[in-house]
Amino acid sequence: ENISALKAEELLLQIVNLHGAESLSFLVDNVQSYRDVAFKKVVESNTMNNLSSSQLAFLCDMSPSTFRRKFIQLYRETPGKWFTQKRLERAAQLLRSSDARASEIYLQVGFESLSSFIHAFKKAYGATPKQYQKS
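Before going into details, it helps to say that this report is about the structure given with it. (Residues numbered from 1 in each chain as written. Predicted model: local features only at pLDDT ≥ 70, side-chain atom pairs only at ≥ 80, totals over all residues. Heavy atoms only, no water.)

## Some details on the overall build of the protein
Of regular secondary structure, the protein possesses eight helices and zero strands. Written out in order from the N terminus, the α and β elements of the protein read α-α-α-α-α-α-α-α. For 135 residues, the compact-globule estimate of 2.2 N^0.38 gives 14 Å, and the protein exceeds it by more than 25% at 22 Å. Counting only C-alpha atoms, the protein reaches 70 × 30 × 25 Å along its principal axes. Looking at the protein residue by residue over its 135 residues, the buried ones come to 28%. In the form shown here, the protein has an accessible surface area of approximately 9500 Å², with 54% of it arising from carbon and sulfur atoms. Across the protein, 18 positive and 13 negative side-chain charges occur, with their mean positions spaced 14 Å apart. (Helix = DSSP H or I, 4+ residues; strand = E, 2+ residues; numbered from the N terminus. Rg over C-alpha atoms; globule rule 2.2 N^0.38 Å. Buried < 20%, exposed > 50% of the residue type's maximum accessible area, 1.4 Å probe, protein only. Areas by Shrake-Rupley, 256 points an atom, 1.4 Å probe, with all protein chains shown as cover. Lys, Arg positive; Asp, Glu negative; His and termini not counted. Charge placed at Lys NZ, Arg CZ, Asp CG, Glu CD.)

This is the structure:
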């Protein structure tokens, strides 16, 4: 194991000596890409959970402000707006595909109260969940 690590280090030093330090930029890009994938995995696996940005930041091993900046960089939206949009999309899908009522759905999609769910749904879709389901 130690020999493998030394050989890898030796190889990297040889590449830098032959081609310059910028030739290793692909390693930095791959590490950043891996971190972005890990970040997205945490975010998207918790879409319907009612976690705060601070809790998500903790799961991503980041400060809340770093989490917010990274989120906006990757999703082009604030966490609050993005999560609300995804939850409402899921609620609309459930309303279209089942006979479930809004009072049964709002908790499934991560809203804390029925009234806030109905208000947000009406703002996004121009109709209450019941009206949306009937149409």
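## Quick notes on the nonpolar core
Grouped together as the largest cluster of nonpolar side chains are 15 residues, with contacts concentrated most on Leu88, Ala91, Ile105, Val109, Phe111, Phe117 and Phe121. Put simply, the parts of the chain that give this core at least two residues each are α5 (79–97), α6 (102–105) and α7 (114–125). In terms of residue count, α5 provides more of this core than any other element does, five residues in total. The residues contacting Phe121, other than those within four sequence positions of it, are Leu88, Ala91, Ala92, Leu95, Gly126, Ala127, Thr128, Pro129 and Tyr132. (Core = buried A, V, L, I, M, F, W, Y, C linked by side-chain atoms within 4.5 Å. Contact = heavy atoms within 4.5 Å.)

## Points about helix α1 (residues 2–19)
Each turn of an α-helix holds 3.6 residues, which means side chains three or four residues apart point in the same direction. Counted at 1.5 Å a residue, the expected span for α1 with its 18 residues is 26 Å, and the 26 Å between its end C-alpha atoms agrees. Looking one or two residues beyond α1, the residue adopting positive phi is Gly20, at roughly 90°. (Expected span 1.5 Å × (residues − 1).)

## A look at the packing of aromatic side chains
Enumeration over the complete set of coordinates arrives at 13 aromatic pairs. Ring geometry for Trp82 against Phe83: centres 5.1 Å apart, planes inclined by 90°, an arrangement best described as edge-to-face. Phe83 shares its class with Trp82; the two are buried. Both rings, one in Phe121 and one in Tyr125, keep their centres 4.6 Å apart while their planes meet at 25°; by these two values the pair is stacked. Highlighted residues: Phe121 and Tyr125, both in helix α7, separated by four residues, approximately one helical turn. Note on Phe121: relative accessible area 0%, which makes it buried. Overall, the relative accessible area of 32% leaves Tyr125 in the partly exposed class. An aromatic cluster of at least three residues, connected via ring pairs, comprises Phe39, Phe67, Phe71, Tyr75, Trp82 and Phe83. Lying over the aromatic face of Tyr75, Lys40 brings its terminal NZ or CZ to 5.8 Å of the ring centre. (Phe/Tyr/Trp six-rings, centres within 6.5 Å; stacked < 30°, edge-to-face > 60°. Lys NZ or Arg CZ within 6 Å of the ring centre and 35° of its normal.)

## Examining unusual backbone geometry
Look at Asp61: it is not a glycine, yet its phi comes out positive at around 60°. For Asp61, a relative accessible area of 72% corresponds to the exposed category. Phi angles above zero are rare outside glycine, and Arg76 is one such case at about 55°. With respect to the helices and strands, the residue Arg76 is situated in the loop between α4 (64–75) and α5.

## Digging into the packing of α4 against α5
Where α4 meets α5, the axes come as close as 10 Å, and the angle between the chain directions of the two elements is 55°. For the element pair α4 / α5, the angle class is oblique. Contacts between α4 and α5 pair Phe67, Arg68, Phe71 and Tyr75 from the former with Pro79, Trp82 and Phe83 from the latter. (Axes fitted to C-alpha atoms, helices over the stretch in contact; angles between N-to-C directions. Parallel < 35°, antiparallel > 145°, perpendicular 65-115°, else oblique.)

Take it as geometry only, folks, not as evidence of what the structure does.
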